[in-house]
Amino acid sequence: MSVQSAISVAAADATVQTIAADVYTVSVGRIGAVLSALLGLLGAVGSGLALARTTGRGRVLTWARRNGAVTALVSGPLAVAIGATVAATAEGGLGTGNGLGGAYVAILLGLTAITLGSLARSRTRTRTRTRTTH
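The following refers to the structure shown. Treat the numbers as computed from the prediction; the structure is a model and nothing was measured.

Attention now goes to the overall build of the protein chain. Scanning the protein chain from terminus to terminus reveals four helices and zero strands. Counting all 134 residues of the protein chain, 25% fall into the buried class. Long-range contacts, defined as pairs at least 24 residues apart, comprise 69% of the intrachain contacts of the protein chain with a sequence gap of at least 6. Total accessible area computed for the protein chain in this model is approximately 8,800 Å², and 65% of it derives from carbon and sulfur atoms.

Here it is in structure tokens:
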């Protein structure tokens, strides 16, 4: 093996390896993962409050009773789509700072929001159907 071929093999190995992002570096992957995780969290909390049928007086609780399921059914798929996009385009593995861990969290929170939102929506539909038939 010549020296030139050994150098080209070493250069090829260096280009394949990805360098981990710095702790304070804000990359597009990290921003996308954080925003989609917040969307999923908003949907999961809103649908959880709608599913629990909170009876408190306040703007947030009244909003959650009325709009929590619909908010979850809108923000949940958005969180899953953005999280899957970040996960598909992230270079490197977990811990490299490219937002892959946050993307997985966003996908799980989005799926939770979809599940709880559909449960809350089906409960409100059956309640309104039984009320109108009497």
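Taking 1.5 Å per residue as the helical rise, helix H2 (residues 28-52) with its 25 residues ought to reach 36 Å, and the 36 Å between its terminal C-alpha atoms agrees with that figure. Burial in H2 covers these residues: Gly29, Gly32, Ala33, Ser36, Ala37, Gly40, Gly43, Ala44, Gly46, Ser47 and Ala50. Immediately downstream of H2, the backbone of Arg53 shows phi near 50°, a positive value.

A cluster of nonpolar side chains, contributed by Val26, Ile31, Val34, Leu35, Leu38, Leu41 and Val45, occupies part of the molecular surface with about 640 Å² of accessible area. Residue position: Val34 is located in helix H2.

To continue, consider the environment of Gly46. Position of Gly46 among the secondary structure elements: in helix H2. Residue Gly46 is classed as buried on the basis of its relative accessible area, which comes to 3%. Once the C-alpha coordinates of Gly46 and Leu116 are considered, the two residues, 70 residues apart in sequence, prove to be 9.1 Å apart.

Attention now moves to the environment of Arg121. With respect to the helices, strands and loops of the structure, Arg121 is situated in helix H4 (residues 100-133). By relative accessible area, which is 34% here, Arg121 ends up partly exposed. For the pair Arg121 and Leu51, spaced 70 residues apart in sequence, the C-alpha separation works out to 8.3 Å. Not counting chain neighbours up to four residues away, the residues in contact with Arg121 comprise Ala69, Val70 and Leu73.

Analysis parameters
- Residues numbered from 1 in each chain as written.
- Predicted model: local features only at pLDDT ≥ 70, side-chain atom pairs only at ≥ 80, totals over all residues.
- Heavy atoms only, no water.
- Helix = DSSP H or I, 4+ residues; strand = E, 2+ residues; numbered from the N terminus.
- Buried < 20%, exposed > 50% of the residue type's maximum accessible area, 1.4 Å probe, protein only.
- Contact = heavy atoms within 4.5 Å.
- Areas by Shrake-Rupley, 256 points an atom, 1.4 Å probe, with all protein chains shown as cover.
- Expected span 1.5 Å × (residues − 1).
- Patch = residues over 30% accessible without salt bridge, like charges linked within 9 Å, V, L, I, M, F, W, Y side chains within 5 Å.
- Salt bridge = Lys/Arg side-chain N within 4 Å of Asp/Glu carboxyl O.

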